[in-house]
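A look at the structure
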Amino acid sequence: MSNLISRFKSSAKNLQNVRCLSITAMFVALNVAMDLCGITIKLTPELRISLGFICNASICMLFGPVVGMLAGCCSDILGYFAGNFSMGAYFPGYTLTAICGGLIYGLWLYHPEKTSISKKSLIARVIGAKACINLICNIGLNTFWLTITAGKAMSVILPFRITKNLILLPFECIILYFAVMFVTNFQKRTSHSLSK
């Protein structure tokens, strides 16, 4: 419990860091731009992997759950007002999902201690984070929001959403793992060069 509280404190302290704010703003802008441009990986016409989750996960990995939740909120609201009006009226449930996603990624991926973690531990964290996101946010919350906004019965859309998320999970885990490795290595190199 004390470890969890210290993670939240460490993450909240990052909000005072200009470097944290600028990197977070860059990732939020990149996420919004990728969504607006429709940058996805198409496995089939029905199965697409949106790459915006990489930006959210990177923010959470670098700066923790507090920054991740705020970034998720900003990404969702800015994404809507930047050109998503075609989806209809703004619905706050999806913003709540984005905040919940920031919390989950932050809890699984944030490692405030400066010691490096093993490759095996990183793989377990990536799989745990993405599995929780798919289960809680995609299958749970977003399916519930769809029943409210689209007026469809849960029993109609839930089987398809479960199948879709189970199929996409391994691909998303692989993408997330390599993204986390890239961001981690990039952070180490820039931190080393800034300390000189």
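The name given to the chain in an unreviewed UniProt entry is Folate family ECF transporter S component, and the organism recorded there is Candidatus Butyricicoccus avistercoris.

**A look at the nonpolar core**
Core analysis: the biggest nonpolar cluster contains 35 residues, and Leu62, Tyr105, Leu109, Val126, Leu176 and Val180 have the highest contact counts within it. Contributing elements (two or more residues each) for this core: helix H2 (18–37), helix H3 (52–81), helix H4 (92–109), helix H5 (119–149) and helix H6 (154–195). Sort the elements by how many residues they give to this core and H3 lands first, with ten residues. Ignoring any residue separated from it by four or fewer positions in sequence, one finds Leu176 in contact with Phe53, Ala57, Tyr105, Val126 and Lys130.

**Focus: the packing of helix H1 (residues 2–13) against H3**
Contact pair H1 / H3: the axes reach a minimum separation of 7 Å and the direction vectors enclose 70°. Classified by the angle their axes make, H1 and H3 are roughly perpendicular. Touching Arg7, Phe8, Ser11 and Ala12 of H1 are Phe63, Gly64, Pro65, Val66, Val67 and Met69, all from H3. Class assignment of the residues belonging to the contact of H1 with H3 gives a composition of seven nonpolar, two polar and one charged.

**Focus on the layout of surface pockets**
The calculated volume of the largest pocket comes to roughly 2000 Å³. Of all the elements in the fold, those that place two or more residues in the lining of the largest pocket are H2, strand E2 (48–50), H3, H4, H5 and H6. It is H3 that provides the largest number of residues to the lining of the largest pocket, a total of nine residues. Grouping the amino acids of the lining of the largest pocket by side-chain chemistry returns 21 nonpolar, 20 polar and nine charged.

**Here's the deal with the pattern of salt bridges**
Evaluated as defined, the whole model comprises one salt bridge. The residue Glu172 makes a salt bridge to Lys130 at a minimum N-O spacing of 3.4 Å. Taken together, the positions of Glu172 in helix H6 and Lys130 in helix H5 put the pair 42 residues apart, joining distant regions of the chain. In this pair, the class of Glu172 matches that of Lys130, namely buried.

**Remarks on the UniProt feature "transmembrane region" (unreviewed entry) in the chain**
With numbering aligned to this structure, UniProt lists the feature "transmembrane region" (unreviewed entry) at residues 20–41, 53–83, 89–110, 122–146 and 166–186. Between the first and last C-alpha atoms of residues 53–83 the distance is 19 Å; the span itself is 94% helix and 0% strand. Here residues 166–186 runs as 100% helix and 0% strand, with 31 Å between its end C-alpha atoms.

**So, the environment of Gly88**
Positionally, Gly88 belongs in the loop between H3 and H4. Through-space distance from the C-alpha of Gly88 to that of Ala57 is 27 Å; in sequence the pair is 31 residues apart.

**Quick notes on the side chain of Asn165**
Residue position: Asn165 is located in helix H6. Side chain to side chain, Asn165 and Asn138 meet in a polar contact 3.0 Å long. Other than its neighbours up to four places away in sequence, Asn165 contacts Asn134, Asn138 and Ile139.

**Details of a nonpolar patch on the surface**
Together, Ile41, Leu43, Ile167 and Phe171 line one region of the surface with nonpolar side chains, adding up to about 300 Å² of accessible area. Its place among the elements puts Ile41 in strand E1 (residues 40–42). Exposure remark for Ile41: the relative accessible area of 34% places this residue in the partly exposed category.

**Examining H4**
One turn of the α-helix equals 3.6 residues, which is why residues spaced by three or four share an orientation. An ideal rise of 1.5 Å per residue puts 26 Å on 18 residues; H4 measures up with 26 Å between its terminal C-alpha atoms. What H4 keeps buried is the set Gly93, Thr95, Thr97, Cys100, Gly101, Gly102, Ile104, Tyr105, Gly106 and Leu109.

**Examining the environment of Ala57**
Locating Ala57 in the fold gives a position in helix H3. Under the relative-accessibility criterion, Ala57 is labelled buried at 0%. Those residues in contact with Ala57 that sit more than four places away from it in its chain are Tyr105, Leu109 and Leu176.

Rules used in this analysis
Residues numbered from 1 in each chain as written. Predicted model: local features only at pLDDT ≥ 70, side-chain atom pairs only at ≥ 80, totals over all residues. Heavy atoms only, no water. Core = buried A, V, L, I, M, F, W, Y, C linked by side-chain atoms within 4.5 Å. Buried < 20%, exposed > 50% of the residue type's maximum accessible area, 1.4 Å probe, protein only. Helix = DSSP H or I, 4+ residues; strand = E, 2+ residues; numbered from the N terminus. Contact = heavy atoms within 4.5 Å. Axes fitted to C-alpha atoms, helices over the stretch in contact; angles between N-to-C directions. Parallel < 35°, antiparallel > 145°, perpendicular 65-115°, else oblique. Nonpolar A, V, L, I, M, F, W, Y, C, P; charged D, E, K, R; others polar. 1 Å grid on protein atoms, 1.4 Å probe; cavity = no way out; pocket = protein on both sides within 12 Å on 5 of 7 lines; lining within 4 Å. Points joined across faces, edges and corners; volume = space filled by probe spheres on them. Salt bridge = Lys/Arg side-chain N within 4 Å of Asp/Glu carboxyl O. UniProt positions renumbered as here; feature names shortened; annotations may be inferred. Polar contact = N/O pair within 3.5 Å; in protein donor to acceptor, adjacent residues only side chain to side chain. Patch = residues over 30% accessible without salt bridge, like charges linked within 9 Å, V, L, I, M, F, W, Y side chains within 5 Å. Areas by Shrake-Rupley, 256 points an atom, 1.4 Å probe, with all protein chains shown as cover. Expected span 1.5 Å × (residues − 1).

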